[in-house]
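One letter stands for each residue in the lines below.
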Amino acid sequence: MIKHVLIIFLILQVLSDYYLQTDYLALEKYKKRKIFILHITIYFLIMLLPFIYYGFNFWYLLIGVIAGISHALIDTIKALIIKKEDNAYDSVFLYLIDQALHIGLIVLGVSLFSNRYTSLVFDVTYHFSDNNIIYLRWLLLFAIIFKPANITFKILFNKYKPQEDNSSNKAGGVIGNCERLLYSICFILNQYTLLGLIVTCKGFARHKDIQEKAGFAEYFLIGTFYSIIYSVTSYWLVFHLI
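A brief look at the structure comes next. Because the structure is predicted, anything quoted here is derived from the model rather than measured.

1. Some details on the overall build of the chain
Inference 1: Each helix and strand counted, the chain has 12 helices and zero strands in total.
Inference 2: Counting from the amino terminus, the chain carries its helices and strands in the arrangement α-α-α-α-α-α-α-α-α-α-α-α.
Inference 3: Relative to its 242 residues, the chain shows a buried fraction of 43%.
Inference 4: Across the chain, contacts joining residues at least 24 apart in sequence account for 78% of those joining residues at least 6 apart.

2. What about the nonpolar core?
Inference 1: Core analysis: the largest hydrophobic core is formed by 46 residues, its most contacted members being Ile106 and Leu140.
Inference 2: In contact with Ile106, not counting residues within four places along its chain, are Leu6, Phe9, Leu10, Gln13, Tyr43, Met47 and Ala67.

3. Remarks on helix H6 (residues 92-113)
Inference 1: When the terminal C-alpha atoms of H6 are compared, their 32 Å separation across 22 residues agrees well with the 32 Å that a helix rising 1.5 Å per residue should span.
Inference 2: Those residues of H6 not exposed but buried are Leu94, Tyr95, Asp98, Gln99, His102, Ile106, Gly109, Val110 and Phe113. The buried residues of H6 all sit within an arc of 140 degrees when viewed along its axis, so they share a single face.
Inference 3: Where H6 is buried, its residues meet helix H1 (3-19), helix H3 (33-47), helix H5 (58-84) and helix H8 (147-157).
Inference 4: Put simply, Ser91 is the residue that caps the front of H6, since its side-chain oxygen is 3.2 Å from the backbone nitrogen of Leu94.

4. As for the packing of H5 against H6
To describe two helices that pack against each other, one gives the angle between their axes and the distance between the axes.
Inference 1: Between H5 and H6, the least distance of the axes is 9 Å, while the angle of their chain directions is 160 degrees. With respect to each other, H5 and H6 are oriented roughly antiparallel. With respect to the hand of their crossing, H5 and H6 are arranged in right-handed fashion. Where H5 abuts H6, its residues Trp59, Leu62, Ile63, Ile66, Ala67, Ser70, His71, Ile74, Asp75, Lys78, Ile81 and Ile82 lie against Leu94, Asp98, Leu101, His102, Leu105, Ile106, Gly109, Val110 and Phe113.
Inference 2: Residue composition of the contact of H5 with H6, by class: 14 nonpolar, four polar and three charged.

5. Let's talk about the environment of Leu156
Inference 1: Inspection of the secondary structure assignment puts Leu156 in helix H8.
Inference 2: Put simply, Leu156 and Tyr95 are 61 residues apart on the chain and 9.2 Å apart in space, counted from C-alpha to C-alpha.
Inference 3: Residues in contact with Leu156, not counting those within four places in the same chain, are Val92 and Tyr226.

6. A short note on the side chain of Thr152
Inference 1: Along the chain, Thr152 falls in helix H8.
Inference 2: By relative accessible area, Thr152 is classed as buried at 11%.
Inference 3: Of note is the side chain of Thr152, whose polar atom sits 2.7 Å from the backbone oxygen of Pro148.
Inference 4: With sequence-adjacent residues up to four places away left out, Thr152 is seen in contact with Tyr95 and Tyr226.

7. Observations regarding unusual backbone geometry
Inference 1: Of note, the phi angle at Asn190 is positive, near 60 degrees, even though the residue is not glycine.
Inference 2: Mapped onto the fold, Asn190 is located in the loop between helix H9 (169-189) and helix H10 (194-205).

Here is what the cut-offs are and how they apply
Residues numbered from 1 in each chain as written. Predicted model: local features only at pLDDT ≥ 70, side-chain atom pairs only at ≥ 80, totals over all residues. Heavy atoms only, no water. Helix = DSSP H or I, 4+ residues; strand = E, 2+ residues; numbered from the N terminus. Buried < 20%, exposed > 50% of the residue type's maximum accessible area, 1.4 Å probe, protein only. Contact = heavy atoms within 4.5 Å. Core = buried A, V, L, I, M, F, W, Y, C linked by side-chain atoms within 4.5 Å. Expected span 1.5 Å × (residues − 1). Arc of directions from axis to C-beta. Polar contact = N/O pair within 3.5 Å; in protein donor to acceptor, adjacent residues only side chain to side chain. Axes fitted to C-alpha atoms, helices over the stretch in contact; angles between N-to-C directions. Parallel < 35°, antiparallel > 145°, perpendicular 65-115°, else oblique. Left-handed = near helix turned anticlockwise from the far one by under 90°. Nonpolar A, V, L, I, M, F, W, Y, C, P; charged D, E, K, R; others polar.

That is the geometry; function is a separate question.
Here you go:
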């Protein structure tokens, strides 16, 4: 399996399923057929970009088609489950299985068609240097630590959010994004001692609420530990596993 091919398709998966899918699309695609078709169409077009950009490589077309068809089938099954179960939309298990299947089938498609098959045709991506692949890894890392991380946190831990917390969800998301970005930069630069400073600065900003509100303190710790674990895991997956 050619690593940079997998990274490219994973970047496109994140872009199409998170950044190009607005909150409105995410909520309404399981209720309105037109919105569902719009989402699948956007996903298909995004997944066909490598096929078009890299000289109409037939094997890239197969990878894109596999990703697109499997995405449509998975989302269709998920829509049926949500319609049957009223509380299924926020189901942690359903969300994790959904994302695991999307990513797993992309990995399978790349594994099948990006090795000896793609070498049969001209492909400019074979001229990728190690430095270029590093840039792709950075792009993938930065793509997954922002909006995907916020959505995942909301689904996993929103039930633990204290009712008395009146802070803005958008502000919390921005803080989480900055926090994970700083963690990732520390990992890339091997400056692990700065992690404690980041946590300290974050705690100092909300020290009054932490001291006076036990529920908020617990939720604050969950968010902090989540950002650290998410950043560490993402960095390891992108720079060491792939």
